[in-house]
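Topology and contacts: notes
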Amino acid sequence: MVAHTEPAMKAIPMVMLGLAAVLGTGYALRTRKNRTGEHAESSGSSERSGR
Amino acid sequence: MTSILKKGQVGIGTVLLGLVAGFGGILALYRFVSGIGRVSNLNQGYPWGVWIGFDVLAGIALAAGGFVVAGLMHMFGGEKYRPLVRPTILTAFLGYLLFILALMVDLGRPWTIWHMVIYWHHESPMFEVGWCVMMYTTILFLEFLPVVFERYRLDHVYALWITVAPWIAITLLALFAVALTHSVPWVIAIAGVLVLFELLVRFGVIYRDPRMPTMLLMAGIMFSVLHQSSLGSLFLIVPHKLDVIWYSPILPLFFFVSAVAAGVAMVIVESTLSAWYFGREVEVPLLRDVGHVLCWAIFGTLALRGLDLVLRGIGTELLVLTPQSIAFWIEVLVGLIIPLAILLTPEFADSARWLLWSSVSVILGLLINRLNVAVIGITSTYGETYYPHWMEIAITAGIVAAGVLAYIYVCRNFPVFTPQHPQAKRTPEVGVPALSTP
């Protein structure tokens, strides 16, 4: 392996795993917050409409 | 705002683009018939010229909007960025197809390109870039398919695609991990996390986007991050040839950060110009948000570049008048200082016109940067010089013109501009009925 590029090439699996974990967790947290907001909004609109 | 063209009408600009693309195509054919030496000034000292610097390095960076907007901003920014997703995916998809075309012209023996599919060199950055581009183009194709399904009312195929596409993405990522790591534990770990995520989505633990599988976006981001940075790794092997102004151990990081900035800038340019061309409203509030992201990306690039130069002790090289130092200052001024000044001025940051100019400046800066790294910053050990042959430039111009023509054609004939957004007004010549997306 060429010495100059070795660190970059060896980092590939770590980058892949890190990205998969961070993106997956980040998306799960972001959408959970959104869904909570949607529930709150829908319950609020139900209250306003008298249901 | 009305469209500048009626249905079926071909403008003078389209004719000119067609002529440039046609002429470039003829010259490309001539290159394959007569050999690369007849159409280019490439030599032993400069085997990579304007085709690699502009078409490949800059072209891929400009297509980065596909993962920045369609991926990161859409995944974490929510629904408001949805109107930008399809045009951005189209731009990125066409960009990668044209990059592959340009690479075929540049390669000395293009007919052997399939070798990388079966001969695995997991220690080579070029092998990684090749695989990433192959995989990411497939991902972009999958991401663009809903537009085709909507156009031809293939709702049942759309439903099948929603189910199957995430597993294709996982397979591609796992195959990539096998090829690049040759390590069973790493492959199991990476594939395990991806499969777990998809299963949690399937079982409703994590929110499931009904229109775009999140796994596709994740795969696009992962492949993009890897190859945008690896394009910089390609130049790590020439410390004796690349000027110290640009040669840095963190060159891959520079390539990645600058690609993010250029990708975001490209989204603003493409969105504004296509809005004007197709007679749609420019989505200024949305682009203003994108402008904020662009501002941070430029600031990050500038801070990183400055810190790197200080830590490496590069000072006098920047102050002595050489072609390299002049090229560096032009790159920094055009690509970083001017757009940052525009975006930090409140009156300009709210204007579509100034957002466009700042983005054009960022893109020009990126083009200069990539040409600096690939051509101007390179010193030949054999004493040769290199100036692009006029046919090299004509072929590049032809490829760009073909890309613009393809973009216009697809936008006119497919529902690229999503009807979900209230400002997305359809023009009569598009003629594509709005379908309800599943």
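Residues numbered from 1 in each chain as written. Chains lettered and ligands numbered in written order. Predicted model: local features only at pLDDT ≥ 70, side-chain atom pairs only at ≥ 80, totals over all residues. Heavy atoms only, no water.

1. Concerning the overall build of chain B
- Scanning chain B from N- to C-terminus turns up 16 helices and zero strands.
- In terms of overall dimensions, chain B is globule-like: its C-alpha atoms have a radius of gyration of 22 Å, near the 22 Å expected for 438 residues.
- Counting over 438 residues, chain B shows a buried share of 56%.
- Relative to all contacts within chain B whose residues are 6 or more apart in sequence, the contacts with residues 24 or more apart total 80%.
- For chain B, the exposed surface amounts to about 18,500 Å²; the carbon and sulfur share of it is 73%.
- Side-chain charges in chain B split into 23 positive and 23 negative, and the spacing between the mean points of these groups amounts to 9 Å. (Helix = DSSP H or I, 4+ residues; strand = E, 2+ residues; numbered from the N terminus. Rg over C-alpha atoms; globule rule 2.2 N^0.38 Å. Buried < 20%, exposed > 50% of the residue type's maximum accessible area, 1.4 Å probe, protein only. Contact = heavy atoms within 4.5 Å. Areas by Shrake-Rupley, 256 points an atom, 1.4 Å probe, with all protein chains shown as cover. Lys, Arg positive; Asp, Glu negative; His and termini not counted. Charge placed at Lys NZ, Arg CZ, Asp CG, Glu CD.)

2. Comments concerning empty space enclosed by the protein
Residues and elements named next belong to chain B.
- Enumeration according to the criterion identifies seven cavities of 30 Å³ or more in this entry.
- The space that makes up the largest cavity amounts to roughly 220 Å³.
- Taken together, 20 residues make up the lining of the largest cavity; nearest its centre are Ser258, Thr301, Arg305, Glu331 and Asn369.
- Of all elements in the fold, only α10 (251–278), α11 (284–311), α13 (323–344) and α15 (352–376) reach the threshold of two or more residues within the lining of the largest cavity.
- Take the lining of the largest cavity: its biggest share by element is six residues, from α15. (1 Å grid on protein atoms, 1.4 Å probe; cavity = no way out; pocket = protein on both sides within 12 Å on 5 of 7 lines; lining within 4 Å. Points joined across faces, edges and corners; volume = space filled by probe spheres on them.)

3. Observations concerning the interface of chain A and chain B
- In this assembly, 23 residues from chain A lie in contact with 37 residues from chain B.
- At the boundary of chain A with chain B, total buried surface from both sides reaches about 2,600 Å², with 81% on carbon and sulfur atoms.
- Where chain A packs against chain B, one counts zero salt bridges.
- The interface formed by chain A and chain B contains two residue pairs in polar contact (both at pLDDT 80 or more).
- Here the side of chain A that touches chain B takes 17 residues from helix α2 (residues 12–48) of chain A, the largest share from any one element.
- Its residues assigned to classes, the side of chain A that touches chain B shows 16 nonpolar, five polar and two charged. (Buried area = accessible area lost by both parts, 1.4 Å probe. Salt bridge = Lys/Arg side-chain N within 4 Å of Asp/Glu carboxyl O. Polar contact = N/O pair within 3.5 Å; in protein donor to acceptor, adjacent residues only side chain to side chain. Nonpolar A, V, L, I, M, F, W, Y, C, P; charged D, E, K, R; others polar.)

4. Overview of the packing of helix α8 (residues 184–202) of chain B against helix α9 (residues 214–233) of chain B
Residue and element names in this part refer to chain B.
- Direction vectors running N to C along α8 and α9 enclose 155°, while the axes themselves pass 10 Å from each other. The angle between α8 and α9 places the two elements in the roughly antiparallel class. Every pair of crossing elements has a handedness; the one defined by α8 and α9 is right-handed. Every residue of α9 that contacts α8 at Leu194, Phe197 and Glu198 is listed here: Thr214, Met215, Met218 and Met222. (Axes fitted to C-alpha atoms, helices over the stretch in contact; angles between N-to-C directions. Parallel < 35°, antiparallel > 145°, perpendicular 65-115°, else oblique. Left-handed = near helix turned anticlockwise from the far one by under 90°.)

5. What about α8 of chain B?
Residues and elements named next belong to chain B.
- In this model, α8 (19 residues) spans 26 Å end to end at C-alpha, consistent with the 27 Å of a helix rising 1.5 Å per residue.
- Residues of α8 that are buried: Val187, Ile190, Ala191, Leu194, Phe197, Glu198 and Val201. One side of α8 holds all its buried residues, which, seen down the axis, span an arc of 120°. For α8, the exposed residues set more than 90 degrees away from the buried face come down to Val184, Pro185, Ile188 and Leu196.
- Where α8 begins, one side-chain oxygen reaches toward the backbone nitrogen of Trp186, 3.4 Å away; that side chain belongs to Ser183.
- One or two positions beyond α8, positive phi appears at Gly204, with a value near 80°. (Expected span 1.5 Å × (residues − 1). Arc of directions from axis to C-beta.)

6. Quick word on unusual backbone geometry
Residue and element names in this part refer to chain B.
- Of note, the phi angle at Arg153 is positive, near 55°, even though the residue is not glycine.
- With respect to the helices, strands and loops of the structure, Arg153 is situated in the loop between α6 (125–151) and α7 (155–181).
- For His182, which is not a glycine, the phi torsion comes out positive at approximately 55°.

7. Comments concerning the side chain of Ser358 of chain B
- Position of Ser358 of chain B among the secondary structure elements: in helix α15.
- With residues up to four places along the chain from it excluded, the contact list for Ser358 of chain B reads Leu294, Pro339, Ile342 and Leu343 of chain B.

8. Considerations on the packing of helix α4 (residues 82–106) of chain B against helix α16 (residues 390–413) of chain B
Residue and element names in this part refer to chain B.
- The contact between α4 and α16 brings their axes to 10 Å, and the two run at 150°. Here α4 is positioned roughly antiparallel relative to α16, judged by the angle of their axes. Note that α4 runs across α16; the crossing there is right-handed. In this structure, α4 uses Pro87, Leu90, Thr91, Leu94, Leu98, Leu101, Ala102 and Val105 to contact α16, whose residues at the interface are Ile395, Ile399, Ala402, Gly403, Ala406, Tyr407, Val410 and Cys411.

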